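# Structural features, examined
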Amino acid sequence: IAGITQAPTSQILAAGRRMTLRCTQDMRHNAMYWYRQDLGLGLRLIHYSNTAGTTGKGEVPDGYSVSRANTDDFPLTLASAVPSQTSVYFCASRADRANTEAFFGQGTRLTVV
Amino acid sequence: AQSVTQLDSQVPVFEEAPVELRCNYSSSVSVYLFWYVQYPNQGLQLLLKYLSGSTLVKGINGFEAEFNKSQTSFHLRKPSVHISDTAEYFCAVSDPRGNTGKLIFGQGTTLQVKP
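In short, a report on the structure. (Residues numbered from 1 in each chain as written. Chains lettered and ligands numbered in written order. Predicted model: local features only at pLDDT ≥ 70, side-chain atom pairs only at ≥ 80, totals over all residues. Heavy atoms only, no water.)

### Quick notes on the overall build of chain B
As a reminder, the rule being used: Helix numbering and strand numbering both begin at the N terminus, where a helix is a DSSP run of H or I of at least 4 residues and a strand a DSSP run of E of at least 2. Here the globule rule reads 2.2 Å times residues to the power 0.38, and the radius of gyration is calculated from C-alpha atoms. Per-residue accessibility, obtained with a 1.4 Å probe over protein chains only, is compared with the maximum for each type, and a residue is labelled buried under 20%, exposed over 50%, and partly exposed between these values.
Looking only at helices and strands, one finds zero helices and 12 strands in chain B. Going from N to C terminus, chain B has its helices and strands arranged as β-β-β-β-β-β-β-β-β-β-β-β. Expected size for 115 residues packed as a compact globule is a radius of gyration near 13 Å; at 14 Å, chain B falls within 12% of this value. Each of the three principal axes of chain B carries a C-alpha extent, and together these read 45 × 30 × 20 Å. Each of the 115 residues in chain B was classed as buried or not, and the buried ones make up 48%.

This is the structure in structure tokens:
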């Protein structure tokens, strides 16, 4: 079934450690997004990519980096995790039109201790 | 820049009653508007979207929303809710300029349907 796959589904991470959250889509969508979901704050955009080779900063980019080497993959890296990065992270993608539906992965629950 | 405000964090309602979830947006340009639903421990899925034309938009599962440009609102409604509608609902805006745009979400509204 076509869609978005995120890995891992959950992770407990020691503060100061480096972590990469993986996101892969097989729909050949140009645009991909990373959000974090926190209670009472909804989904906040971390980084986005309109097409392979380009990335942009969202609302809360500090402490995170992304890369987009190809169309399918959009990994999110925490260089040195801090407890405030404890959250549920969602990857999403959509075709290259702002009026199209975004498809979401199942999420990664990250706890930084 | 666009922003979205969902006016209610939680909406409790009895089964078979009508419900309205409120959404207001802020933007200096025309935007596309979306409502997404998130069931427990799942990702988000699209309920409906407004792009242009008729201000009343119908979506899946009996939901509909009305776009009001003068009030910059996009409220979601359902005439009769079911227990299975219990979920988190998110309003979102997208800038139509260019090929893609940032998809900005509101804070979410938890709909709690009681028997």
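### Let's talk about the sheet that holds strand β1 (residues 4–7) of chain A
Residue and element names in this part refer to chain A. Where we set the bar: In this analysis, strands are considered paired if DSSP registers two or more bridges between them. For every element, the axis is a line fit to its C-alpha atoms; helices are fit only across the contacting stretch, and the angle between N-to-C directions ranges from 0 to 180 degrees.
Pairing within the open sheet is antiparallel, and its four strands lie in the order β1-β3-β8-β7. One side of each edge strand has no neighbouring strand; the edge strands of this open sheet are β1 and β7 (64–66). Between one strand axis and the next, the sheet turns through 20 degrees on average, direction left out of account. Relative to strand β8 (residues 76–78), β7 runs antiparallel, the two being bridged by three bridges. Bridge pairing in β8 links S65 to T77.

### So, the interface of chain B and chain A
Defined as follows: By definition in these notes, contact holds between two residues if any of their heavy atoms fall within 4.5 Å. Throughout, the accessible surface (probe 1.4 Å) given up by two parts as they are put together, summed over both, is called the buried area. When a carboxyl oxygen of Asp or Glu is within 4 Å of a side-chain nitrogen of Lys or Arg, the pair counts as a salt bridge. What qualifies as a polar contact is a pair of N or O atoms within 3.5 Å, subject to a donor-acceptor requirement within protein and to the restriction that residues adjacent in sequence count only when both atoms come from side chains. Three categories are distinguished: nonpolar for Ala, Val, Leu, Ile, Met, Phe, Trp, Tyr, Cys and Pro, charged for Asp, Glu, Lys and Arg, and polar for the others, with Gly belonging to the last.
With 24 residues of chain B at the interface, the matching set in chain A holds 27 residues. A combined buried area of about 2000 Å² lies between chain B and chain A, and 54% of that area is made up of carbon and sulfur atoms. One can count zero salt bridges joining chain B with chain A. Inspection of the region where chain B meets chain A yields five residue pairs in polar contact (both at pLDDT 80 or more). When residues of the side of chain B that touches chain A are traced back to their parent elements, those giving at least two are β5 (32–38), β6 (44–50), β10 (87–94) and β11 (103–105) of chain B. The residue inventory of the side of chain B that touches chain A, partitioned by class, reads 11 nonpolar, 10 polar and three charged.

### Quick word on the side chain of S73 of chain B
Along the chain, S73 of chain B falls in strand β9 (residues 73–78). In contact with S73 of chain B, not counting residues within four places along its chain, are C23, N24, Y25, E66, F67 and N68 of chain B.

### Here's the deal with the state of the cysteines
All names here are of chain A. To keep it simple, the criterion reads: Pairs of cysteine sulfur atoms within 2.5 Å are identified as disulfides in what follows.
Tallying each qualifying case throughout the model produces two disulfides over all chains. In this model, C23 is linked to C91 through a disulfide, with the two sulfur atoms separated by 1.9 Å. Across the S-S bond of C23 and C91 the torsion is about -70 degrees, and the bridge reads as left-handed. In this pair, C23 sits in strand β3 (residues 19–25) while C91 sits in strand β9 (residues 87–94), placing the two residues 68 residues apart along the sequence.

### Digging into unusual backbone geometry
Each neighbour pair has its own omega, and for A7 of chain A with P8 of chain A the value is -5 degrees, a cis peptide bond. Position of P8 of chain A among the secondary structure elements: in the loop between β1 and β2 (10–13). Positive phi, close to 60 degrees, is recorded for R28 of chain A, a residue that is not glycine. Given a relative accessible area of 56%, R28 of chain A falls into the exposed group. One non-glycine residue with positive phi stands out, namely N61 of chain B, at about 60 degrees. Positionally, N61 of chain B belongs in the loop between β7 (56–58) and β8 (64–68). On the basis of relative accessible area, N61 of chain B is assigned to the partly exposed category, the value being 41%.

### Remarks on the pairing of strand β2 (residues 10–14) of chain B
Residue and element names in this part refer to chain B. Here β2 shows a clear split, with V11 and V13 buried on one side and none of Q10, P12 and F14 buried on the other. Of the strand pairs in this sheet, β2 and strand β12 (residues 109–114) are connected by five bridges, and their pairing is parallel. Of the residues in β12, the one forming a bridge with V13 is V113.

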